[in-house]
Amino acid sequence: MITMDGVIQAPGSAREDISDGFTYGGWAAPYGDELYKKEMNKELNQQVDYLLGRKTFEIWEGYWPEHGNVWANINEGTKYVLSATRNDTQWKNTDFIRNAEDIDTLKKSAGKDIQVWGSSALVQLLLKNDLVDELRLKIFPLILGRGKHLFGDGTVPAAFTLTGSKVTSKGVILANYTRTGALRTGNIGN
């Protein structure tokens, strides 16, 4: 979930992430409709594993184990948590990893696809280390002017191809992009 100006902080609720005085939490809520709900349910029902940053994990570990009826696979799928400070939890199917090299090893291993939800610092690390194969963006028609951003300094330039898109009745663009290679440049009109 991302705004037109690239903010990804706290789309779900006012209490989700108030770091740095962020007061716009829950900005995605007014934009739900049937198409958005249908597409989100498709993603929630995929049999995948998850790569999470520590902060997102700590928000989720107190909620999702008791709400599996909404998102069953978040409890069944393996949660790989990037953390320098945590190494245990009561939440089943959770493994802790330490750095980008661990993520690269995980990415190259056999197994389920791995999705990242939230985790702005983790996403920045993935983009800086060229570890992103696909982006599923839900672009909301609003500008917040401040907050944590998806793309930051140090992002490795890369080319993506649009592999699917839909627009909801409330103007949310659902766009899936797959990595196609290195950035190419040229001149417009040639």
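Residues numbered from 1 in each chain as written. Predicted model: local features only at pLDDT ≥ 70, side-chain atom pairs only at ≥ 80, totals over all residues. Heavy atoms only, no water.

**Q** Sorry if this is basic, but what is going on with the overall build of the protein chain here?
**A** Looking only at helices and strands, the protein chain features 5 helices and 8 strands. Starting at the N terminus and walking to the C terminus, you meet the elements of the protein chain as β-α-β-α-α-β-β-α-β-α-β-β-β. Radius of gyration (C-alpha) of the protein chain: 17 Å, near the 16 Å computed for a compact globule of 190 residues. Taking the principal axes of the C-alpha coordinates as reference, the protein chain spans close to 60 × 40 × 35 Å. For the protein chain, buried positions account for 38% of its 190 residues. (Helix = DSSP H or I, 4+ residues; strand = E, 2+ residues; numbered from the N terminus. Rg over C-alpha atoms; globule rule 2.2 N^0.38 Å. Buried < 20%, exposed > 50% of the residue type's maximum accessible area, 1.4 Å probe, protein only.)

**Q** Looking at this structure, I do not really get the pattern of salt bridges. What am I missing?
**A** Note on pairing: side chains with opposite charge can pair once their charged atoms come close. Going through the model one piece at a time under the given rule, you end up with 12 salt bridges. A salt bridge links Lys42 to Glu39; the nearest nitrogen and oxygen atoms lie 3.3 Å apart. Remark: Glu39 and Lys42 occur in helix 1 (residues 34-44); sequence separation between them is 3 residues, near one turn of the helix. With relative accessibility at 43%, the residue Lys42 sits in the partly exposed group. Of the charged contacts, one joins Arg54 and Glu58 as a salt bridge, the two residues approaching to 2.9 Å between their closest N and O atoms. You can see Arg54 and its partner Glu58 sitting in helix 2 (residues 54-61), 4 residues apart, about one turn around the helix. According to the relative accessible area criterion, Glu58 is partly exposed, its value standing at 34%. The network of salt bridges with common partners includes Arg54, Glu58, Glu61 and Arg86. (Salt bridge = Lys/Arg side-chain N within 4 Å of Asp/Glu carboxyl O.)

**Q** Quick question: what am I supposed to make of the packing of aromatic side chains here?
**A** Think of a pair of aromatic rings as described by two things: how far the centres are apart, and how the planes are tilted against each other in angle. This structure, assessed with the given rule, holds 11 aromatic pairs. Measuring from ring centre to ring centre gives 5.8 Å for Tyr31 and Phe140, while their planes differ by 80 degrees; the resulting arrangement is edge-to-face. Of this pair, Tyr31 sits in the loop between strand 1 (2-3) and helix 1 while Phe140 is found in strand 6 (residues 134-140), placing the two residues 109 residues apart along the sequence. Of the two residues examined, Tyr31 and Phe140, each falls in the buried class. Look at Phe57 and Trp91: their rings are 5.6 Å apart centre to centre, the planes differ by 25 degrees, and that puts the pair in the stacked class. Of this pair, Phe57 sits in helix 2 while Trp91 sits in the loop between strand 3 (79-82) and strand 4 (94-97), and the two are 34 residues apart along the sequence. Grouping aromatic residues by their ring pairs yields a cluster made of Tyr50, Trp60, Tyr63, Trp64, Trp71 and Trp117. (Phe/Tyr/Trp six-rings, centres within 6.5 Å; stacked < 30°, edge-to-face > 60°.)

**Q** Sorry if this is basic, but what is going on with the sheet that holds strand 3 here?
**A** Two orientations exist for strands paired in a sheet by backbone hydrogen bonds: parallel and antiparallel. The 4 strands are arranged 4-3-2-5 in an open sheet whose pairing can be described as parallel. Edge positions in the sheet fall to strand 4 and strand 5 (114-116), since each has one partner strand and no second. The average undirected angle you get between the axes of adjacent strands in this sheet is 25 degrees. Strand direction decides the pairing type here: strand 3 and strand 4, joined by 4 bridges, are parallel. Across the sheet, the residue bridging to Val81 is Phe96, located in strand 4. Running at roughly 110 degrees to strand 2 (residues 49-53), helix 2 makes contact with strand 2, strand 3 and strand 4 of the sheet. Running at roughly 105 degrees to strand 2, helix 5 (residues 120-128) makes contact with strand 2, strand 3 and strand 5 of the sheet. (Pairing = 2+ DSSP bridges. Axes fitted to C-alpha atoms, helices over the stretch in contact; angles between N-to-C directions. Contact = heavy atoms within 4.5 Å.)

**Q** Would you mind going over the environment of Pro11 with me for this structure?
**A** Structurally, Pro11 is set in the loop between strand 1 and helix 1. The spacing of Pro11 and Met1 is 10 residues in sequence and 6.8 Å in space, taken between C-alpha atoms. The residues touching Pro11, leaving out its near neighbours within four places in the chain, are Met1, Glu16, Gly26, Trp27, Ala28 and Ala29.

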